[in-house]
Amino acid sequence: MRRHRGLWLYAAFSLAILWVCGHEMLTAYAQLVLMFIGINIILSSSLNLINGYMGEFSCGHAGFMAVGAYVSSILNVWLFTSHKVFGPPVLSPSSAVYLFPLTLLAGACAAALAGLLVAFPSFRTRGDYLAIITLAVNYIVKSSVENIQAIGGARGFMGMRKVIEEMEAVWRIPWIMLWILVFTGLTVWVLHRFVSSSYGKGIVAIRDDEIAAEIMGVDTRRMKLAAFMLSSGMAGLAGGLFAHILGYINPGTFTIMKSTEVMVMVYLGGMGSLSGSVLSAVLFTLILEVLRPLQVIKWVVIPLLLILLMLWRPEGIMGDRELTDVFPRLRRWFSADKGDVHGAP
Amino acid sequence: MALLEIRRLTHFFGGLRAVADFNLRLEGGELLGLIGPNGAGKTTVFNLVCGFYKPTEGDIFFLDKDIAGLRPHAVTAMGIARTFQNIRLWNTLSVFDNLCIAQHFRLGYGLGDVVLRTGRFVTRERHVRRTAEELLEIMGLRHYAQERPGNLPYGMQRRLEIARALATQPKLLLLDEPAAGMNPGEIDQLVETIRWIRESFTLTIWLIEHHMRVVMSVCERVQVLDFGQTIADGPPEAIKQDPRVIQAYLGSEELSHA
Ligand SMILES: Nc1ncnc2c1ncn2[C@@H]1O[C@H](COP(=O)(O)OP(=O)(O)OP(=O)(O)O)[C@@H](O)[C@H]1O
Ligand SMILES: [Mg+2]
């Protein structure tokens, strides 16, 4: 029990949220905001792996999100509902209850494969040039989707709401909230383990000095593959979850604008700080909601905040430190699961 | 079987011939020096051996295997490690992590083990950390374990680079001007360290050095490079008297430091 305190704490927190949601004690709006917070945590912490820990500048995260969103949505609609293009359900609609996480993961895998579009070029180029490639990948994905009429093209794709309804018909719990909580926790947990292992720190060595990393025994290509696939896979996961909240997606959601939003969260939180990314995702989502009444002016205020941030605290909220570095007492709760493997020598 | 055998190694940078027809047979346990004026091609030879450049021509055999064209991390995995003329440590990681990451190619676990924290991960990671701790201890860096390398005194950074190379458990250690920028006290210590490392790790050491005091006191054999060509090869005393070597160094004060 002691070893996994943080995990238990998160499980208790998640159960509390689910209970509160199940008993209609939270407004639908508050639930929605909570769900967006989860998704933003996945997005920002996974992008931090590339932009923070590995020191590349990826600005196409929304592209991978789109791949995950579309693949998992199409799978679910095809498998569990009747659709004018895909025909009657292939499997019994109620089986969505346990197959849903698998279709989400399938979306994540597809996004991870799309990540190869950036990973392979990254063997030869980096910095600004790679940034442009990520931008291009974002456009390629968006334009491809726009041009496939079978999945709605620019009009978008829907029908995922029905999948969730099928699941709720089997067992009335807030399914989508449940899976957002599970996958948000999982993402942060996996990333935490990755970046605190000697294996994962290989990507920090690449950031610090790629030539020295390669010459001192780090297979930099393999590490880049791992990092890009992990990061884009997680973005795909976030996309899949996102698609099932409203039950409707369109390519216009996954533009450079969305990628920029994620980047803002990473820089706000601090590059190379996982807890920074989590904090800033929470903060950013809330700020976005608070500023919602401003409508379009919101997109003047937010960039302005970003400029101020870059002027006064360019390293973000946390810099490259973790919460446990700032408040060592937190270690009791969250570093316990590091076991004796990662304590200071 | 020679540890390292280089035959007719030639390398061009565009039209510039940086290394020309370089030959070497290095037996296990030797301590070989490589000297020459600035721009002679010494570092380029190291870069070719460690796989950073693919030679224009020639063969490099390490333990009878052709390593020319292998990627650097694979060469390191075979047992060749090096330090850099301009210190190249990972500066946002701790000294301790620098020593752990140098064991990356033989971690013996993968992403799945990291995520699931398998038994293999725990035992291997513990081993990696123990190796790093031992190196900190024997290289006198224990005190700096959690520091960032950039905060260390210059001499200590050079020591850390050597420690990091040792963390890969090499059979052949390449040192590129390990004494550069050191004060006389640090140089004496370095000479001690080099001797001691060779004894206790049973290593073969190949070093580039401008400080003749270091070369003369530790090397058993010295090769001299000038404009990419090998102009002399022999014991240090003979090298010092060789007219071609003196000629090559004419105008530079370096030999007089001896
Ligand atoms: N990447 C490169 N591209 C082009 N020319 C290079 C490159 N690296 C080295 N050279 C040139 O090759 C020649 C040999 O360089 P090298 O660095 O091997 O010399 P060195 O003997 O190590 O000199 P020093 O004592 O100054 O370190 C020099 O003329 C140098 O300018
Ligand atoms: Mg040199």
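Just so you know, these numbers come straight off a predicted model, no measurement behind them.

*Asks:* I would appreciate a short explanation of the nonpolar core in the present structure.
*Replies:* Soluble, globular proteins show a tendency: their nonpolar side chains are buried together. With 160 residues, the main nonpolar core has Met 167, Ile 203, Leu 241, Ile 249 and Phe 254 of chain A together with Leu 141 and Leu 207 of chain B as its most contacted residues. Per-element tally for this core: the top contributor is helix α10 (residues 220-246) of chain A, with 13 residues. Mapping this core onto the domain boundaries places at least three of its residues in each of domain 1 (1-79 + 170-258) and domain 2 (89-167) of chain B. Setting aside anything within four residues of it in sequence, one finds Leu 207 of chain B in contact with Leu 31, Leu 32, Gly 33, Leu 34, Phe 46, Leu 175, Pro 178, Ile 194, Val 214, Val 218 and Cys 219 of chain B. Counting residues in each nonpolar core, the second largest holds 26 residues, with Ile 6, Leu 26, Leu 48 and Val 49 of chain B among its members.

*Asks:* I tried to follow the sheet that holds strand β3 (residues 31-35) of chain B on my own but got confused; where do I start?
*Replies:* Residue and element names in this part refer to chain B. Strand order across the open sheet formed by six strands is β6-β7-β8-β3-β9-β10, with mixed pairing between neighbours. Across the chains shown, the open sheet's two edge strands, defined by having one partner strand only, are β6 (80-82) and β10 (229-234). Adjacent strand axes in the sheet meet at a mean angle of 20°, parallel and antiparallel pairs treated alike. The strands that helix α6 (residues 154-167) touches are β6 and β7 (172-176); relative to β7, the one it contacts most, it runs at about 155°. The sheet contacts of helix α7 (residues 184-201) involve β3, β7 and β8 (204-208), and relative to β8 the element is tilted by about 155°.

*Asks:* Could you clarify how one ought to interpret the domain arrangement of chain B in this entry?
*Replies:* Interface size is commonly expressed as the accessible surface area that is lost when the partners come together. Residues and elements named next belong to chain B. When the domains of chain B are assigned, the result is domain 1 (1-79 + 170-258) and domain 2 (89-167). In this structure, domain 1 and domain 2 have C-alpha centres spaced 26 Å apart. Across the contact, 19 residues belong to domain 1 and 11 residues belong to domain 2. Roughly 1,200 Å² is buried in total at the junction of domain 1 and domain 2, and carbon and sulfur atoms are behind 75% of that figure.

*Asks:* Help me out: how do you make sense of the layout of surface pockets in this one?
*Replies:* The method is simple in principle: a probe with the dimensions of a water molecule rolls over the atoms, and the space it marks as empty is what remains. Residue and element names in this part refer to chain A. A volume near 460 Å³ is recorded for the second largest pocket. In this structure, the second largest pocket is lined by 17 residues; those nearest its centre are Gln 31, Arg 161, Glu 168, Arg 172 and Pro 174. It is helix α2 (residues 28-53) that provides the largest number of residues to the lining of the second largest pocket, a total of four residues. Looking at the lining of the second largest pocket residue by residue, the classes come out as 11 nonpolar, two polar and four charged.

*Asks:* I'm lost on the packing of aromatic side chains in this one. Help?
*Replies:* Each aromatic ring pair is summarised here by two numbers: the centre-to-centre distance and the angle between the ring planes. According to the stated counting rule, one finds 18 aromatic pairs over all chains in the structure shown. Taken together, a centroid distance of 5.1 Å and an interplanar angle of 65° make the contact between Phe 46 of chain B and Trp 206 of chain B edge-to-face. One end of the pair, Phe 46 of chain B, is in helix α1 (residues 42-49); the other, Trp 206 of chain B, is in strand β8, and 160 residues separate them in sequence. For the pair Phe 46 of chain B and Trp 206 of chain B, a shared accessibility class is recorded, and that class is buried. Grouping aromatic residues by their ring pairs yields a cluster made of Phe 36, Tyr 70, Phe 86, Phe 157, Phe 242 and Phe 254 of chain A. Directly above the aromatic system of Phe 84 of chain B lies the positively charged group of Arg 88 of chain B, at a separation of 5.8 Å from the ring centroid. Against the face of Trp 90 of chain B rests Arg 164 of chain B, its NZ or CZ located 4.5 Å from the ring centre.

Definitions and limits used
Every chain is numbered on its own, with residues counted from 1 as its sequence reads. Written order decides the labels, with chains lettered from A and ligands numbered from 1. A pLDDT threshold of at least 70 governs which residues receive local features in this predicted model, and a stricter bar of 80 or more applies before side-chain atom pairs are shown or counted, although totals over entire chains, interfaces and linings include all residues. Only hydrogens and water are set aside; all other atoms, that is, all heavy atoms of the structure, feed into the side-chain values. Nonpolar core, defined: a set of buried Ala, Val, Leu, Ile, Met, Phe, Trp, Tyr and Cys residues in which side-chain atoms within 4.5 Å join the residues together. Relative accessibility under 20% of the residue-type maximum defines a buried residue, over 50% an exposed one, and the middle range a partly exposed one, all with a 1.4 Å probe and only protein chains included. Segments assigned H or I by DSSP are reported as helices when at least four residues long, segments assigned E as strands when at least two residues long, and all are numbered from the N terminus. Domain delimitation in this document rests on an assignment produced automatically or drawn from a domain database. Throughout, a residue-residue contact means that at least one pair of heavy atoms, one from each residue, lies within 4.5 Å. Only strands joined by at least two bridges in the DSSP assignment are considered to pair. Angles shown run from 0 to 180 degrees and are taken between the N-to-C directions of axes, each axis being a line fitted to C-alpha atoms and, for helices, limited to the stretch in contact. Buried area is a sum: the accessible area each of two parts loses on coming together, probed at 1.4 Å, counted once for each and added. A pocket here means an open set of points on a 1 Å grid, computed over the protein atoms alone, that has protein on both sides within 12 Å along at least five of seven lines. A cavity is instead a set of points where a 1.4 Å probe fits but cannot get out; residues with an atom within 4 Å of a point line either one. Grid points are joined across faces, edges and corners, and a volume is the space filled by probe spheres set on the points. As a working rule, the residues Ala, Val, Leu, Ile, Met, Phe, Trp, Tyr, Cys and Pro are called nonpolar, Asp, Glu, Lys and Arg charged, and the rest polar, with Gly in that last group. Classification of ring pairs uses Phe, Tyr and Trp, with its six-membered ring standing for Trp, and accepts pairs whose centres are within 6.5 Å; under 30 degrees between planes counts as stacked, over 60 as edge-to-face, and the remaining range as tilted. Two limits define a charge over a ring: the Lys NZ or Arg CZ must be within 6 Å of the ring centre, and within 35 degrees of the ring normal.

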